[in-house]
Amino acid sequence: MSAPELTENTRIAVFVTCLVDLMRPEIGFATLALLERAGCEVVVPPDQTCCGQPAFNAGDRASAHRLAERVLALLEPYDFVVIPSGSCAGMIKVHYVELFSDDPTLRRRMADLAPRVYELTDFLVKVMKVNEVPGRSQGTITYHDSCSGLRELGIQEQPRRLLKMIPGLKIEEMRDSRACCGFGGTFSLKYGEVSSAIADEKISQVQATGAQAVVLGDLGCMLHLEGRLRRLGDDKTQVLHIAQVLAGELEGS
Amino acid sequence: MQVQSMHFKARAGQKLADVRLQKNLKRLSQKFVTARAVAIQEIDFEATRSAAVERRDRAISRLDLYLELFEKNATATGASVLYAESAAEASELVVQIARRHEAKTVTKSKSMVSEEMALNEALRAAGVEPVETDLGEYILQINNNEAPSHIIAPVIHKDKEEISELFAKVHQKPPLSDISQLTREAREQLRPKFLRADMGVTGGNFVIAETGSVALVTNEGNEGMCTIMPKVHVVVTGIEKVLPTLEDFATIARLLTRSATGQSISNYISLLTGTRVEGEPDGPDHLYFVLVDGGRSSLLGSEFQEMLRCIRCGACMNHCPVYQKIGGHAYGWVYPGPMGSVLTPAYRGLENTLDLPQAATLCGECHVVCPVKIPLPDLLRKLRERQFERHLRPWTERIGLAVWSYVAARPPLYRLTTRIGSRVLRLMSNRRGLIRSLPLVKGWSATRDMPAPASGTFSQRYARWQSDRAATRSETN
């Protein structure tokens, strides 16, 4: 299915996600900067909080349902919804449909919204069809495929294609880039030791590439890997969100 | 086998600290994961998977019908088909068969269902000597009846050196360093037992309804010694393992060995049908099938029914980031890894297995590699829902979720909370922008720092950004 054309009347909503809101606002602004290049109206709908994924994955279906209903109402007036996170995008695009399975009205509304919900890099490639990005860097990076984006939304080629548009940026692929980093939401708190042991595998693959930064598309994995790298005494390897790199925030350029 | 899954957390910690185990587990991903990736290229994997799902679903949706058909056809070939509601009952049936035929020694080919049944213990209690003849299972048996840590590579947690030491100690022989020599030594030990066994017990990868046969997929040839030499052959397997036709088996077999060990085909695939008849050179005089329910029927018609499609290849555990780190023993029962984390709660009670549905990152790789497309992450999530409904999770978690969802449903309160949270976290951070200790979430900070938040939440900064922009616009106008 070909994506609809963007015009100046197109309204794009950005769901920034709760972790960007709390921890890394600059990723939200990098996302806005990338999307505004389309020449459409880009807004961050007010009153957004969380997509409900923590409750959904914890088995608290009622809470997840309540939040999902809010998010649906918040986002459905827009032509597109873009999310700088594979896991939140997967939650809304894939799991809301299942969450609303017992309510025909909500399910219909969600079925209408779902095709218009995109993860950021997917949107940039498939809908905006960008050929260039503002980011500039001479550095070397490696890309980690975060699980939900990769396996629920098929985000794999898109971020790489975009990164290749940065002149001079070198992408050094790590081994097993598709392997989980060990974050897993509340798994990282409940089984912290196992979670960090899995991170160590990822970290050794990252370090083996000699890249100055590991770039990825999900905040949870970012905080997890950065926190583990620093605890291990690696203060050098940067952990960056792809929006930051594409918008031009990679140091050492 | 007693369920030990309640000790998951403590055991996982021990396994992480076990340097030798960590090294041995690495081989698993190197060996099986790589081999599978190559082997699935040989066929149209996706089309075969879809066909296998369809064939397994057909069998399971009319399980009663195909079990009856199997029973009819197996009986016609001279076999007896027995059903056991529980694993314990199945064990009792096998003991009765051993008594009836006055068996003293029973050779066993690998069977995970017999682990569910704790069959070896039951046989020993009845004065019958069970002898594991699969090399891996044999190693575990002579090591104080240690439990398998993987469903197809039961001894994957051990290295050659450990096995060499064990053989030297148990066999009272000089230690060997070469794998083929070790195998030869095990063979020498097993040969007299094969010769004197009165009864052989095997699992059944599948039973075939249209022919009344059992299909056995193995690599070592020991299965033939267990099924051809003794007068009595007992097959123990789960009731869900029935396939309507040999065609079904042909489809599944293409996926099974490729997904399991990355082999195009295993060294042996046996289709055994009926007892020995006049003029046949070999085969058992008595053939029994013990078909075990043991919790399987409770999945029928439930939201977990898809789990019954499982063909026990082990791909989900081979590819699981958690299994790769802690191995199979931490899971605490017969089936480890993602498939075990669904099966163990179903067979042994959710209240006894509180960690299992939680001990997964939900990365989804198990679903991607499953040859019969079992949506394991979804099933684990559904189990978490059952845990939440039944108040089986700690009250702290429940309160945490309740508070969080209350706040998240009230944007003004949420904004206030995140502003305070952002500020508090920044106050807690050091000069390098890292929080070293989070008193309320030690699970995080025991092994990781928390990068401090940037100054100001997005919603604060966005409000400022918007008003700045509006101001700039009105100036330019």
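Residues numbered from 1 in each chain as written. Chains lettered and ligands numbered in written order. Predicted model: local features only at pLDDT ≥ 70, side-chain atom pairs only at ≥ 80, totals over all residues.

J.: Explain the overall build of chain B to me, please; I cannot follow it from the model alone.
T.: Across its full length, chain B holds 21 helices and 12 strands. The principal-axis extents of the C-alpha atoms in chain B amount to approximately 105 × 55 × 45 Å. Counting only residues that meet the buried cut, chain B has 48% of its 477 residues in that class. Within chain B, residue pairs in contact and separated by at least 24 positions form 74% of the contacts whose partners lie at least 6 positions apart. (Helix = DSSP H or I, 4+ residues; strand = E, 2+ residues; numbered from the N terminus. Buried ≥ 20, exposed ≤ 12 C-beta atoms within 10 Å, placed from the backbone. Contact = placed C-beta atoms within 7 Å.)

J.: Explain the overall build of chain A here, please?
T.: Counting its secondary structure elements, chain A contains 13 helices and 8 strands. Relative to its length of 253 residues, chain A is compact, with a C-alpha radius of gyration of 18 Å against a globular reference of 18 Å. For the C-alpha atoms alone, the extent of chain A along its principal axes is close to 50 × 45 × 30 Å. Considering chain A as a whole, with its 253 residues, one finds that 60% of them fall into the buried category. A sequence separation of at least 24 residues applies to 79% of the contacts in chain A between residues at least 6 apart. (Rg over C-alpha atoms; globule rule 2.2 N^0.38 Å.)

J.: Explain helix α12 (residues 246-260) of chain B here, please?
T.: Residues and elements named next belong to chain B. With 15 residues, α12 extends 20 Å from end C-alpha to end C-alpha; this agrees with the ideal 21 Å at 1.5 Å per step. A bend of about 30 degrees at isoleucine 252 is the largest found in α12. Buried residues of α12: Asp248, Phe249, Ile252, Arg254, Leu255, Leu256, Thr257, Arg258, Ser259 and Ala260, and no others. Where α12 ends, the next residue or the one after it, glycine 262, has phi of about 75 degrees, a positive value. (Expected span 1.5 Å × (residues − 1). Bend = angle between axes of the 7 residues up to and from the residue.)

J.: Is there a simple way to explain the sheet that holds strand β7 (residues 213-216) of chain A in this structure?
T.: What holds strands together in a sheet is hydrogen bonding between their backbones, with the strands either parallel or antiparallel. Residues and elements named next belong to chain A. Strands sit in the order β6-β5-β7-β8 across an open sheet of 4 strands; the sheet is parallel. For this open sheet the edge positions go to β6 (170-171) and β8 (238-241), each flanked by a neighbour on one side alone. Of the strands in this sheet, β7 and β8 are in contact with helix α12 (residues 219-231), which crosses β8 at around 170 degrees. (Pairing = 2+ DSSP bridges. Axes fitted to C-alpha atoms, helices over the stretch in contact; angles between N-to-C directions.)

J.: How should the environment of Ala408(B) be read in this particular structure?
T.: One can find Ala408(B) in helix α18 (residues 395-408). In the structure, Ala408(B) is positioned 132 residues away from Arg276(B) in sequence and 70 Å away in space, judged by C-alpha atoms.

J.: When you look at the packing of helix α4 (residues 61-75) of chain A against α18(B) in this model, what are you seeing that I'm missing?
T.: Helix packing for two helices is described by the angle between their axes and how far apart those axes are. One can describe the packing of α4(A) onto α18(B) by two numbers: an axis separation of 10 Å at closest approach and a directional angle of 10 degrees. Comparing the axis directions of α4(A) and α18(B) gives the class roughly parallel. Crossing of α4(A) against α18(B): the hand is left-handed. The segment α4(A) lies against α18(B), with Ser63(A), Arg66(A) and Leu67(A) engaging Leu401(B), Ser405(B) and Ala408(B). (Parallel < 35°, antiparallel > 145°, perpendicular 65-115°, else oblique. Left-handed = near helix turned anticlockwise from the far one by under 90°.)

J.: I tried to follow the pairing of strand β2 (residues 105-108) of chain B on my own but got confused; where do I start?
T.: Working note: regular strand, side chains alternate between the two faces of the sheet. All names here are of chain B. Along β2, one buried face is formed by Thr105 and Thr107 and the opposite face, lined by Val106 and Lys108, is buried too. In this sheet, strand β3 (residues 129-132) lies alongside β2 in parallel orientation, the contact comprising 4 bridges. By the bridge assignment for β3, lysine 108 is matched with glutamate 132. Examined bridge by bridge, β2 and strand β4 (residues 199-202) share 3 bridges and lie parallel to one another. Bridging from a neighbouring strand, lysine 108 pairs with valine 201 of β4.

J.: Help me out: how do you make sense of the domain arrangement of chain A in this one?
T.: A common way to state how big an interface is: give the accessible area lost once the parts meet. Residues and elements named next belong to chain A. Along its sequence, chain A is organised into domain 1 (11-126) and domain 2 (140-247). The centre of domain 1, based on its C-alpha atoms, is set 22 Å off from the matching centre of domain 2. Contact with domain 1, which involves 28 residues of that partner, is made by 23 residues of domain 2. Listed by contribution, the elements that provide at least two residues to the side of domain 1 that touches domain 2 are α1 (18-22), α2 (25-36), α3 (53-58), α5 (86-99) and α7 (120-126). The class makeup of the residues in the side of domain 1 that touches domain 2 is 15 nonpolar, 8 polar and 5 charged. (Domains from an automatic or database assignment. Nonpolar A, V, L, I, M, F, W, Y, C, P; charged D, E, K, R; others polar.)

J.: How do you make sense of the confidence of the model for chain B when you look at a structure like this?
T.: Detailed reading of the predicted coordinates is not advisable wherever pLDDT falls low. The pLDDT averaged across chain B works out to 96; a share of 100% of its residues lies at or above 70. Quick note on the complex model: pTM equals 0.96, ipTM equals 0.95. (pLDDT = per-residue confidence, 0-100.)

J.: For this particular structure, what's the right way to read the pairing of strand β1 (residues 11-14) of chain A?
T.: Residue and element names in this part refer to chain A. Direction of pairing for β1 relative to strand β2 (residues 41-43): parallel, over a ladder of 3 bridges. Within β2, the residue paired with arginine 11 across the bridge is glutamate 41. Pairing analysis gives 3 bridges linking β1 to strand β3 (residues 80-83), with the strands arranged parallel. By the bridge assignment for β3, valine 14 is matched with valine 82.

J.: When you look at the sheet that holds β1(A) in this model, what are you seeing that I'm missing?
T.: Residue and element names in this part refer to chain A. Taken in spatial order, the 4 strands make up an open sheet running β2-β1-β3-β4, and their pairing is parallel. Sheet topology places β2 and β4 (117-119) at the edges, where each strand pairs with a single neighbour. Within this sheet the neighbouring strands show an average axis-to-axis angle of 25 degrees, counted without direction. Note that β3 and β4 share 3 bridges and pair parallel. Residue pairing across strands places valine 81 opposite valine 117, the latter belonging to β4. Of the strands in this sheet, β1, β2 and β3 touch α2, which is tilted by about 165 degrees from β1.

J.: Help me out: how do you make sense of α4(A) in this one?
T.: For an α-helix, the turn length of 3.6 residues means that residues three or four places apart are oriented alike. All names here are of chain A. The terminal C-alpha atoms of α4 lie 21 Å apart, and with 15 residues this matches the ideal 21 Å at 1.5 Å per residue to within 8%. Among all positions in α4, only Arg61, Ser63, Ala64, Leu67, Ala68, Val71 and Leu75 are buried. Angular distribution of buried residues about the axis of α4 spans 150 degrees; they occupy a single face of the element. (Arc of directions from axis to C-beta.)

J.: Please explain the interface of chain A and chain B as it appears in this structure.
T.: Listed per partner, the contact involves 50 residues of chain A and 49 residues of chain B. Sorting the residues of the side of chain A that touches chain B by element identifies α1, α2, α3, α4, α8 (147-153), α10 (187-190), α11 (192-209) and α12 of chain A as the ones contributing at least two each. Per-element accounting of the side of chain A that touches chain B gives the leading share, 7 residues, to α12(A). Class assignment of the residues belonging to the side of chain A that touches chain B gives a composition of 22 nonpolar, 12 polar and 16 charged.

J.: When you look at the packing of α4(A) against helix α6 (residues 104-113) of chain A in this model, what are you seeing that I'm missing?
T.: Residues and elements named next belong to chain A. Contact geometry for α4 and α6: axes closest at 11 Å, N-to-C directions at 50 degrees. Taken together, the axes of α4 and α6 lie oblique to each other. Note on packing geometry: the crossing formed by α4 with α6 is left-handed. Side by side, α4 and α6 meet where Glu69, Leu72 and Leu75 of the first sit next to Leu106, Arg109, Met110 and Leu113 of the second. Taken together, the residues of the contact of α4 with α6 sort by class into 5 nonpolar, no polar and 2 charged.

J.: Hey, could you run me through the environment of Gly204(B) in this one?
T.: Residue and element names in this part refer to chain B. Locating glycine 204 in the fold gives a position in the loop between β4 and β5 (206-208). Given 23 C-beta atoms within a 10 Å radius, glycine 204 is considered buried. As a C-alpha pair, glycine 204 and valine 235 span 31 residues in sequence and 6.2 Å in three-dimensional space. Ignoring anything within four residues of it in the chain, the contact list for glycine 204 reads Val214, Leu216, Val235, Thr237 and Lys241.

J.: I'm lost on the domain arrangement of chain B in this one. Help?
T.: Domain boundaries assigned for chain B yield domain 1 (5-299) and domain 2 (411-476). For domain 1 of chain B and domain 2 of chain B, the distance between their C-alpha centroids amounts to 56 Å.

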